[in-house]
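The chain contents come next:
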Amino acid sequence: MAIPALTLVALVLLWEGAVRVFGIPNYLLPAPTRVLAELDKLGVRLVPNIGATLLTVLAGFLASVVISLPLAVAIASSPFVARAVYPLLLITQSTPIIAIAPILVVMLGTGQLSRATITFLIAFFPLLVSMVTGLLSTPREAVELSRVLRTSFLQDLWLIRLPASVPFVFSGLKVAISLSVIGAVVAEFVTANKGLGYLITQSTAFFNVPLAFGSVILLSIMGVLLFQSIVLVERIFFPWAVQSERITRE
Amino acid sequence: MSEAAATPALSLEGVWQAFASADGAEVLALRDLSLAVAPGEFVSLVGPSGCGKSTALRLVTGLIEPTRGCAAILGRPVEANLDRVGMVFQKPTLLHWLSIEDNVLLPVRVRRGRVGEADRTRARALLESTGLGQFASKLPHELSGGMQQRAGICRALIQDPDILLMDEPFGALDALTREQMCFELLRIWGERRKTIVFVTHSIPEAVLLSDRVVVMSARPGRIESIVPVPLPRPRTLESMALPDFQACTQAIRRIIYGYDTERAVVGAAL
Ligand SMILES: Nc1ncnc2c1ncn2[C@@H]1O[C@H](COP(=O)(O)OP(=O)(O)OP(=O)(O)O)[C@@H](O)[C@H]1O
Ligand SMILES: [Mg+2]
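Residues numbered from 1 in each chain as written. Chains lettered and ligands numbered in written order. Predicted model: local features only at pLDDT ≥ 70, side-chain atom pairs only at ≥ 80, totals over all residues. Heavy atoms only, no water.

Some details on the site of ligand 1
All names here are of chain B.
Phase 1: Around ligand 1, the neighbouring residues are Phe-19, Ala-29, Ser-49, Gly-50, Cys-51, Gly-52, Lys-53, Ser-54, Thr-55, Glu-168, His-201 and Arg-219.
Phase 2: Contacts to ligand 1 include Gly-50, whose backbone N or O atom sits 2.8 Å from an oxygen atom.
Phase 3: Cys-51 is positioned with one of its backbone polar atoms (N or O) 3.2 Å from an oxygen atom of ligand 1.
Phase 4: Burial of ligand 1 by the protein amounts to 67% of the accessible area it has alone, namely 630 Å².
Phase 5: At 3 residues, helix α1 (residues 53-60) tops the list of elements feeding residues into the shell around ligand 1.
Phase 6: Among the residues forming the shell around ligand 1, the class breakdown is 3 nonpolar, 6 polar and 3 charged. (Near = heavy atom within 4 Å. Polar contact = N/O pair within 3.5 Å; in protein donor to acceptor, adjacent residues only side chain to side chain. Areas by Shrake-Rupley, 256 points an atom, 1.4 Å probe, with all protein chains shown as cover. Helix = DSSP H or I, 4+ residues; strand = E, 2+ residues; numbered from the N terminus. Nonpolar A, V, L, I, M, F, W, Y, C, P; charged D, E, K, R; others polar.)

Here it is as structure tokens:
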């Protein structure tokens with residue numbers, strides 16, 4: 001923990017020093033102090049912007065969890081569903097979501113629904129893939145045990161396959177939350193009247209590069225905190241999954 | 001056998017088992033296998049790898065249906081009496097997210113949907129009796145391989161089955177632990193008098209444990225010979241020094257490694 005913090009401080013100091021010594025203009029690279037000053041100028045008006053982005057991130061993320069889980073169970077349980085659904089999923093994934101974002105806005109309106117949908121489309125696929133992989137990678141012996149015990153479909157899922165897939169689900173969740181932040185920014189680039197992504201487009205339009213930098217920094221902090229909260233949830237509620245992840249990595 | 005009149009604990013009658021292999025060809029795993037195991041009897045299956053020992057056990061747990069012939073538990077079709085059977089696998093196969101106690105209780109949870117205080121008491125007593133009393137709340141990875149295998153045996157015993165099927169249960173253990181586990185198993189068997197069918201690759205292990213050793217031949221699996229073990233019970237380390245012990249292991253070896261001329265000799269020796 002201490003070493004990354006030190007690197008960060010050193011980097012910021014270097015940045016500040018370089019900007020001052022070489023006299024780099026603000027619109028090219030603003031000094032950290034300048035970025036902070038610009039954020040300070042907005043003050044509490046930042047809060048609704050942060051809130052709006054956070055809302056979009058969480059809405060898209062939750063949608064991808066809620067939709068991926070049953071879909072993953074269906075795909076993992078039935079080769080027929082897998083064959084029927086996978087081509088569709090591949091098509092949605094090979095289509096650049098940014099390209100269809102404006103179309104989605106026309107279809108779904110300029111509101112929260114569009115932004116959440118764009119975020120969801122960007123975030124859900126890796127999550128779905130790790131969930132399916134997790135469900136299919138139940139150890140052979142555990143599958144045999146389950147059959148010898150004559151578990152019902154739901155018992156097999158609940159007692160054996162879902163818990164076995166937890167480490168995979170969490171690595172999917174970690175990717176998904178990071179992609180959700182990206183998705184929310186993309187969505188706000190396309191349609192928004194507040195939010196950190198919106199702040200970036202607005203401030204660069206007026207050559208307020210320091211504010212754009214400030215927004216990016218806030219976005220990174222948000223991403224790191226969200227990622228860490230997933231790590232925390234895993235540690236608290238599924239300590240054995242963290243354990244098994246460590247074992248497989250070694 | 002003398003108890004031929006009584007209902008056998010489990011029986012295979014004229015069982016043929018064919019599998020369709022990936023290239024479409026048919027693999028005959030078992031050919032006309034007939035075996036009856038009396039209640040309370042300890043029978044081992046030995047034979048070369050791939051001769052169908054696991055397949056025979058899987059038939060009795062109803063995991064596969066015989067292509068021809070039939071399998072029965074206590075005189076009824078396998079499916080009807082499955083709750084009378086406990087299965088121990090080659091690997092401990094514990095669920096790594098459940099405590100040892102919850103692993104042992106898994107069959108109860110599956111059959112009845114939930115686990116009561118009485119079940120927990122029973123699980124803890126079982127663990128206590130196999131020396132795992134202090135490890136009930138530990139996770140599987142905190143136990144050694146031998147301890148995990150013992151927990152696997154406790155899980156098979158939790159429903160107090162009449163029949164215990166064990167597929168190379170000690171195969172993954174070191175020689176020392178393995179011997180200890182054998183005596184542990186003999187103790188459990190002595191206390192509860194289960195019918196046990198035990199698959200192993202170790203001939204001395206089979207002789208030490210069993211009333212009868214079923215020697216199977218390579219694919220397609222058939223019963224080559226059934227060797228009764230006349231050693232007195234209870235068996236101890238000293239049993240292995242008895243002449244009968246040597247005679248039995250030698251007889252089985254001869255059946256497995258060469259059976260033209262010597263077969264007559266084996267027959268005479270028994
Ligand atoms: N599900 C299956 N599909 C196709 N072939 C199978 C299947 N199960 C078993 N076999 C074949 O049946 C034969 C017997 O297999 P089995 O696992 O019963 O042998 P085994 O005696 O237990 O061997 P080992 O001592 O190595 O465990 C093997 O040749 C195997 O290839
Ligand atoms: Mg086998």
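Things to note about the sheet that holds strand β6 (residues 85-88) of chain B
All names here are of chain B.
Phase 1: Spatially, 6 strands are ordered β6-β7-β8-β3-β9-β10 in an open sheet, and the strand pairing comes out mixed. Two strands bound the open sheet, and with one partner strand each, they are β6 and β10 (223-228). Ignoring strand direction, the axes of neighbouring strands in this sheet form an average angle of 15°.
Phase 2: In this sheet, strand β8 (residues 195-199) lies alongside strand β7 (residues 163-167) in parallel orientation, the contact comprising 5 bridges. By the bridge assignment, Ile-163 is partnered in β8 with Thr-195.
Phase 3: Contacting β6 and β7, helix α5 (residues 145-157) crosses the sheet at an angle of about 165° to β6.
Phase 4: Helix-sheet contacts for helix α8 (residues 243-257) involve β3 (42-46), β9 (212-216) and β10, and the interaxial angle to β10 is about 175°. (Pairing = 2+ DSSP bridges. Axes fitted to C-alpha atoms, helices over the stretch in contact; angles between N-to-C directions. Contact = heavy atoms within 4.5 Å.)

What to know about the sheet that holds strand β2 (residues 26-37) of chain B
Pairing between sheet strands relies on hydrogen bonds along the backbone, with the strands arranged either parallel or antiparallel.
All names here are of chain B.
Phase 1: Taken together, the 4 strands give an open sheet; going across it, the order is β2-β1-β4-β5, and neighbouring strands pair in antiparallel fashion. Either end of the sheet is taken by a strand with one partner, and the two such strands are β2 and β5 (76-77).
Phase 2: Sheet topology note: the strand β1 (residues 10-20)/β2 ladder contains 8 bridges and is antiparallel. Within β2, the position partnered with Leu-10 by the bridge is Val-37.
Phase 3: Across the sheet, α1 lies against β1, β2 and β4 (68-73), angled at about 115° from β1, the strand it touches most.

Details of the interface of chain B and chain A
Phase 1: If you look at the interface, chain B gives 21 residues, while chain A gives 17 residues.
Phase 2: Summed over both partners, the interface of chain B with chain A buries about 1900 Å², with 70% contributed by carbon and sulfur atoms.
Phase 3: On the chain B side of the contact with chain A, Leu-63, Trp-97 and Val-110 of chain B bury the most area, a combined 35% of that side's loss.
Phase 4: For the interface between chain B and chain A, the tally reads 3 salt bridges.
Phase 5: Note that Arg-150 of chain A and Glu-79 of chain B form a salt bridge whose closest N and O atoms lie 3.1 Å from each other.
Phase 6: Our count for the contact surface shared by chain B and chain A stands at 7 residue pairs in polar contact (both at pLDDT 80 or more).
Phase 7: Residue contributions to the side of chain B that touches chain A peak at 5 residues, all from helix α3 (residues 106-112) of chain B.
Phase 8: Classifying every residue of the side of chain B that touches chain A by side-chain character gives 10 nonpolar, 5 polar and 6 charged. (Buried area = accessible area lost by both parts, 1.4 Å probe. Salt bridge = Lys/Arg side-chain N within 4 Å of Asp/Glu carboxyl O.)

Any functional reading would require information that these geometric values do not contain.
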